[in-house]
Amino acid sequence: MLRAIIIKILARINLWVGLLLNKRRAPYNSADIKTILVKRTDRIGDAVVSLPLLLELNKYFKITILTSEYNNSFMSEFFETKIFTRKPLSFIESLKMLGSSLFASSKSKKRHAPQYDMLLDLNGLRELDIFLKIRRDNLCKYYISFNMGIWNRLLDYAHPGYPVLFAKKHILDSCKELISDALNMDIDVPDFIDLSDKMESPNDFEGKYFILLNISGIDKFRGPSPKLYAEIINAVNFDGEFVIMDEQQRPHFEEFKKYIKKDNIIYLDREFSLWELLHIASNSRLYIGSDSGISHLLQIPTNAILFFGNGSQEVWSPYSKNPYRRKTERDIIIMETKTSNNLIKKVIYNKVWCRPCFDFGCRKLQCLSFSRNTVIEELNSAIKELF
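Residues numbered from 1 in each chain as written. Predicted model: local features only at pLDDT ≥ 70, side-chain atom pairs only at ≥ 80, totals over all residues. Heavy atoms only, no water.

### Here's the deal with the overall build of the chain
Move 1: Within the chain, the secondary structure is distributed over 13 helices and 14 strands.
Move 2: Here the chain holds 387 residues, and 57% of them are scored as buried.
Move 3: Relative to all contacts within the chain whose residues are 6 or more apart in sequence, the contacts with residues 24 or more apart total 69%.
Move 4: Approximately 17900 Å² of the chain is accessible, and the part contributed by carbon and sulfur atoms is 50%. (Helix = DSSP H or I, 4+ residues; strand = E, 2+ residues; numbered from the N terminus. Buried < 20%, exposed > 50% of the residue type's maximum accessible area, 1.4 Å probe, protein only. Contact = heavy atoms within 4.5 Å. Areas by Shrake-Rupley, 256 points an atom, 1.4 Å probe, with all protein chains shown as cover.)

Here is the structure:
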């Protein structure tokens, strides 16, 4: 916890410095921007969340997505992509990189003309090393991003905030502000995208009346333990089937099976592709999981209940054009909304002062102290409404 507090203090100071270095006026005419390189060299979850925004942006500009080997297979289904790194840095690796970048050269090579009119950097400080490499290689004529603190001097426009840390609004709303200010245009981001043409029907799954439950997330302090998930499923009233999934290699199945008492359980006990899982989710009436990259994808085509542990629910909750209603039940907070296509989205979390903690966790794990009875009541209420 102490490490997370120190990081937040240093980050806040850096952002204050960035405000002093902000350029008051962008040195370009937004009407001259035709080609945009979008830096999205991070994880699947970030790519998924930004997908509706990028699909809209692609209608107005020729965009190329800068990816990692980690997320390129997903992004290349929708856009022209360019792999620029092998995999995203861990948070600790990012901190070390920022320290070593304090005195790194950012001087552009002028041996060739820029390939793109603009870099739209949606990663910001977390992947500063990639930004500096793009700038040194003179790939773009202009550079825009969120507040990068002392490195704002290298940007042609910087949004004053850094949404992943301190914003109290959805990440897509922050991205819309960045694009509105930098390109003088308002983008209407939908809260639903139809991905049915990407889905793949698995040959070995035929569930028809089921809830899809993802029991992963505890390892990174994102959601409940497999034991708590099992206890919740044992107590809820549902006569259909529960389809249980886990992360790769299914490390939590064994613990879950120790505590589950019901027999209406189907286990996804092989590796499914993203598009197979998306097909399964689209046929479920409800998806339940923790705040994770795969959850952000699988909640798209169906109703969803997501648990938030150390992550910021305001920033990463399922996007909706309608406001979330908030209620407090005993020790937890429940946010609920309906999207424009009438899908229910619920977010369940504890109110703790230390969120986010960058996956460091702590001994008390207050953010994961979900009241079993309260969650059961909420899940029974959702099932009654949906089935």
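Still to come is the rest of the account.
### A look at the sheet that holds strand 9 (residues 265-267)
Move 1: One open sheet accounts for 8 strands, arranged 9-8-7-10-11-14-13-12; its pairing is mixed. Here the strands that pair on one side only, and so sit at the sheet edges, are strand 9 and strand 12 (325-329). Going across the sheet, the axis of each strand differs from the next one's by a mean of 20 degrees, ignoring polarity.
Move 2: Examined bridge by bridge, strand 10 (residues 286-290) and strand 11 (residues 303-308) share 5 bridges and lie parallel to one another. When the bridges of strand 11 are listed, Tyr287 appears paired with Ala304.
Move 3: Along the sheet, helix 13 (residues 372-386) contacts strand 7 (210-214), strand 10, strand 11, strand 12, strand 13 (332-338) and strand 14 (344-349); its crossing angle with strand 13, the most-contacted strand, is approximately 15 degrees. (Pairing = 2+ DSSP bridges. Axes fitted to C-alpha atoms, helices over the stretch in contact; angles between N-to-C directions.)

### Digging into the nonpolar core
Move 1: Counting residues in hydrophobic clusters, the biggest one holds 88 residues, and the most contacted among them are Phe74, Ile134, Leu212 and Leu298.
Move 2: It is helix 2 (residues 44-57) that provides the largest number of residues to this core, a total of 8 residues.
Move 3: With residues near it in sequence (within four places) discarded, Phe74 still touches Ile44, Ala47, Val48, Leu51, Leu274, Trp275 and Leu297.
Move 4: Counting residues in each nonpolar core, the second largest holds 36 residues, with Phe253, Ile265, Cys354 and Leu368 among its members. (Core = buried A, V, L, I, M, F, W, Y, C linked by side-chain atoms within 4.5 Å.)

### Points about unusual backbone geometry
Negative phi is the rule for most residues except glycine; trans is the rule for most peptide bonds.
Move 1: Of note, the phi angle at Asn138 is positive, near 55 degrees, even though the residue is not glycine.
Move 2: Relative to the assigned elements, Asn138 resides in the loop between helix 5 (128-136) and strand 5 (140-146).
Move 3: By relative accessible area, Asn138 is classed as buried at 5%.
Move 4: You will see that Asn184, though not glycine, has its phi angle at about 55 degrees, which is positive.

### Digging into helix 13
Move 1: Under the 1.5 Å per step criterion, the end-to-end length of helix 13 is 21 Å for 15 residues, consistent within 8% with the ideal 21 Å.
Move 2: Inspection of helix 13 places Thr374, Val375, Ile376, Glu378, Leu379, Ala382, Ile383 and Leu386 among the buried residues, and these make up the whole buried set. (Expected span 1.5 Å × (residues − 1).)

### Details of the packing of helix 8 (residues 226-235) against helix 13
Move 1: It is at 10 Å that the axes of helix 8 and helix 13 come closest, and there the two elements cross at 50 degrees. The orientation of helix 8 with respect to helix 13, classified from their angle, is oblique. Considering only the axes of helix 8 and helix 13, their crossing is right-handed. Contact with helix 8, carried on its side by Leu228, Glu231, Ile232 and Ala235, involves Arg372, Val375, Ile376, Leu379 and Asn380 of helix 13 and no other residues of that element.
Move 2: Per-class residue counts for the contact of helix 8 with helix 13 are 6 nonpolar, 1 polar and 2 charged. (Parallel < 35°, antiparallel > 145°, perpendicular 65-115°, else oblique. Left-handed = near helix turned anticlockwise from the far one by under 90°. Nonpolar A, V, L, I, M, F, W, Y, C, P; charged D, E, K, R; others polar.)

### A closer look at the pairing of strand 7
Move 1: Here strand 7 lies mainly inside the structure; 5 of its 5 residues are buried.
Move 2: Here strand 7 shows no split at all, with Phe210, Leu212 and Asn214 on one side and Ile211 and Leu213 on the other all buried.
Move 3: Pairing of strand 7 with strand 8 (residues 241-245), which is carried by 5 bridges, proceeds in the parallel orientation. Bridge pairing in strand 8 places Phe210 opposite Glu241.
Move 4: Chirality of the crossover, the property in question, places the unit of strand 7, helix 8 and strand 8 among those that are right-handed. (Right-handed = clockwise from strand over helix to strand, strands pointing away.)

### Digging into the environment of Phe210
Move 1: Topologically, Phe210 is positioned in strand 7.
Move 2: Judged by relative accessible area, which is 1%, Phe210 ranks as buried.
Move 3: With 31 residues separating them along the chain, Phe210 and Glu241 place their C-alpha atoms 4.6 Å apart.
Move 4: What Phe210 contacts, discounting residues up to four positions off in sequence, is Phe205, Phe238, Glu241, Val243, Ile280, Asn283, Ser284, Arg285, Leu286 and Phe387.

### Quick notes on the pairing of strand 14
Move 1: For strand 14, the tally of buried residues reaches 6 of 6 residues, placing the bulk of the element in the interior.
Move 2: Going residue by residue along strand 14, you find Ile344, Lys346 and Ile348 tucked away on one face and Lys345, Val347 and Tyr349 tucked away on the opposite face as well.
Move 3: Across 5 bridges, strand 11 lies against strand 14 in parallel orientation. Bridge pairing in strand 14 links Leu306 to Val347.
Move 4: With 6 bridges joining them, strand 13 and strand 14 adopt antiparallel strand pairing. Counterpart to Ile334 in the pairing with strand 14 is Ile348.
Move 5: Here strand 13 folds back onto strand 14 in antiparallel fashion, the turn holding 5 residues, of which Asn342 has a positive phi close to 70 degrees.

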